[in-house]
Amino acid sequence: MSADNINTLVEVAIEVLERYAFMLGDPPGTKGGPAVLPEPSWIVTISFTGARAGGIGVVVSPGLARQAAANFYEDPQTEDGDEQAQDAVKELLNIVCGNYLHRVERNGRIVNLTTPSLQVATLEAATRYVNGKPQAMLAVEGHPLLLFVET
Amino acid sequence: MAYNILIVDDSLTARTFIARTLQMAEVPLSQVYQARNGQEALDLLQRVWVDLVFADINMPTVNGTEMVRQMRAMDLLKSIPVIIISTDRSAQRMAEMREAGVQAYLTKPITPEDLKAVVERFLKSA
Amino acid sequence: MASKRRLKTVVVGIGGMAISDSPDESLVAHSLGSCLGVTFYDPVLKVGGMAHCMLPLSRIDKEKAKAKPGLFVDIGVPKLIEAMLRRGCRKKNLVARVAGAARVMDRANFFRIGERNHAVFRKIMWKNGLFIRAEDIGGDQARTLRLEIETGRVVVQSEGREREL
């Protein structure tokens, strides 16, 4: 995967954040946003097979996911678990992935996506997980969001 | 006349978006059923009548494509309109779903306005 | 058929908000670039409101936000809705139309101000359970937005052309 693909992923993610989650994301290196991964980190991944095979993922803070859920749900959950927040960020990645594949796979052939999966990780484990993968850090309304491409 | 609607998506967020938009659009609703995959939807459709189905494609167990094919093979279910709301934008997938017999195909992210327009189109002609 | 008589124009400048129930008035926002011109109209009471917002989020300048909330979409639009409800409008009767959010003076679109204004507007609409009836958004042209109070007619002028929203 080239740097070009990461740039496309950044563009798509910013558009989808605006359109679907009503959140404003700043691209890497623009607003001196948070540059470190959150503790704890939620690592969300999705993979695809078919005309194009691979995977993408995001690392977000629970705070970002809860903000997305709060924007979205009429009655955001307050206490009992993070079901809405986890589901919101999984669906966000699902939409980002579909739109990303549409940009990079221009001949309209079928790519099959898996359903997104989410794991809760320590900052250290998340750093190890994304180490060496093409990646870009966005600042989303004060929260870090790391996009990466599985290699 | 009030309508029964079935929403099939493995994402709670996606199902909530559709349910809330229907409410905002003041569509006369009797029941809004929700299912997390095609199998749950097919099981439910054995027991209840619905006027319109919204379905995702990429779901565990029975996916949207298979669900529509099975519905179209059953006399009782074959005339129920199905609207796909999927993140999949490939031309080949859209053609496949048209062939399977869906009435409309919207791609995520959709706006509440897009959804309202399609609901009005289908329920007015229902 | 639009009325031929001359309407009194109330100009809604940048950061401004106005509400009117005078049938001989129209509310106008000139030269909307990346700014967002928002109109609400209650066809039952024949009350119309307009806001001319410049930036998406008020938290970048708390003093300005206090002095002129209409500058910011996130606080200006809710204030306009609130003011219309105080006038007796019912939320479910409010018809929303919006124009602007272009890429004027930012051809590379680095700051995405127009898109961000629009995104925050859509969030407010969603949170309030309201649909956007019509919009003329994006592109790189400036627009003028006009709301006629008597009829609720909304017109966008751009590059010498006029169209009803």
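Treat the numbers as computed from the prediction; the structure is a model and nothing was measured. (Residues numbered from 1 in each chain as written. Chains lettered and ligands numbered in written order. Predicted model: local features only at pLDDT ≥ 70, side-chain atom pairs only at ≥ 80, totals over all residues. Heavy atoms only, no water.)

Draft legend 1. Focus on the interface of chain A and chain B. Taken together, the contact pairs 23 residues of chain A with 22 residues of chain B. For the pairing of chain A and chain B, the buried interface totals around 2,000 Å² over both sides, and the portion due to carbon and sulfur atoms is 52%. Considering only the surface of chain A that becomes buried against chain B, Arg19(A), Phe72(A) and Ile110(A) emerge as the three largest contributors, covering 25% of it. For the interface between chain A and chain B, the tally reads 1 salt bridge. The tally of links between chain A and chain B comes to 17 residue pairs in polar contact (both at pLDDT 80 or more). Here the side of chain A that touches chain B takes 10 residues from helix H3 (residues 83–104) of chain A, the largest share from any one element. Among the residues forming the side of chain A that touches chain B, the class breakdown is 8 nonpolar, 9 polar and 6 charged. (Contact = heavy atoms within 4.5 Å. Buried area = accessible area lost by both parts, 1.4 Å probe. Salt bridge = Lys/Arg side-chain N within 4 Å of Asp/Glu carboxyl O. Polar contact = N/O pair within 3.5 Å; in protein donor to acceptor, adjacent residues only side chain to side chain. Helix = DSSP H or I, 4+ residues; strand = E, 2+ residues; numbered from the N terminus. Nonpolar A, V, L, I, M, F, W, Y, C, P; charged D, E, K, R; others polar.)

Draft legend 2. Spatial organisation of empty space enclosed by the protein. Tallying each qualifying case throughout the model produces 5 cavities of 30 Å³ or more. Size it by volume and the largest cavity reaches roughly 160 Å³. Along the walls of the largest cavity sit 14 residues, with Tyr20(A), Ile95(A), Phe17(B), Pro109(B) and Ile110(B) positioned nearest its centre. Elements represented by at least two residues in the lining of the largest cavity include exactly helix H1 (3–21) and H3 of chain A together with helix H1 (12–24) of chain B. Among the elements that make up the lining of the largest cavity, the one with the highest residue count is H1(B) (3 residues). Its boundaries defined by the atoms lining it, the second largest cavity holds a volume of some 70 Å³. Ala13(A), Leu17(A), Val58(A), Val60(A), Val89(A), Leu92(A), Leu93(A), Val96(A), Leu145(A) and Leu147(A) are the residues that line the second largest cavity. For the lining of the second largest cavity, the secondary structure elements donating two or more residues are H1, strand E3 (54–60), H3 and strand E7 (143–149) of chain A. (1 Å grid on protein atoms, 1.4 Å probe; cavity = no way out; pocket = protein on both sides within 12 Å on 5 of 7 lines; lining within 4 Å. Points joined across faces, edges and corners; volume = space filled by probe spheres on them.)

Draft legend 3. Quick look at the sheet that holds strand E9 (residues 154–158) of chain C. All names here are of chain C. Taken in spatial order, the 5 strands make up an open sheet running E1-E3-E8-E9-E10, and their pairing is mixed. The open sheet has two edge strands, strand E1 (8–11) and strand E10 (161–164), and neither has a second partner. Averaged over all neighbouring strand pairs, the angle between strand axes comes to 25 degrees, with direction disregarded. (Pairing = 2+ DSSP bridges. Axes fitted to C-alpha atoms, helices over the stretch in contact; angles between N-to-C directions.)

Draft legend 4. Focus on H3(A). Between its first and last C-alpha atoms H3(A) spans 31 Å; for 22 residues at 1.5 Å apiece the expected length is 32 Å, and the two agree. In terms of residue burial, H3(A) counts as a mostly covered element, since 17 of its 22 residues are buried. (Expected span 1.5 Å × (residues − 1). Buried < 20%, exposed > 50% of the residue type's maximum accessible area, 1.4 Å probe, protein only.)

Draft legend 5. Quick peek at the interface of chain B and chain C. Listed per partner, the contact involves 10 residues of chain B and 9 residues of chain C. Summing both sides of the interface, chain B and chain C together bury roughly 850 Å²; the carbon and sulfur share of this comes to 65%. By the criterion of area lost to chain C, the three top residues of chain B are Arg20(B), Met24(B) and Glu113(B), representing 61% of everything that side buries. Summed over the shared surface of chain B and chain C, the number is 0 salt bridges. For the pair chain B and chain C, the interface holds 2 residue pairs in polar contact (both at pLDDT 80 or more). For the side of chain B that touches chain C, the elements supplying multiple residues, two or more each, are H1 and helix H5 (112–124) of chain B. Of the residues forming the side of chain B that touches chain C, the biggest block, 4 residues, is contributed by H1(B).

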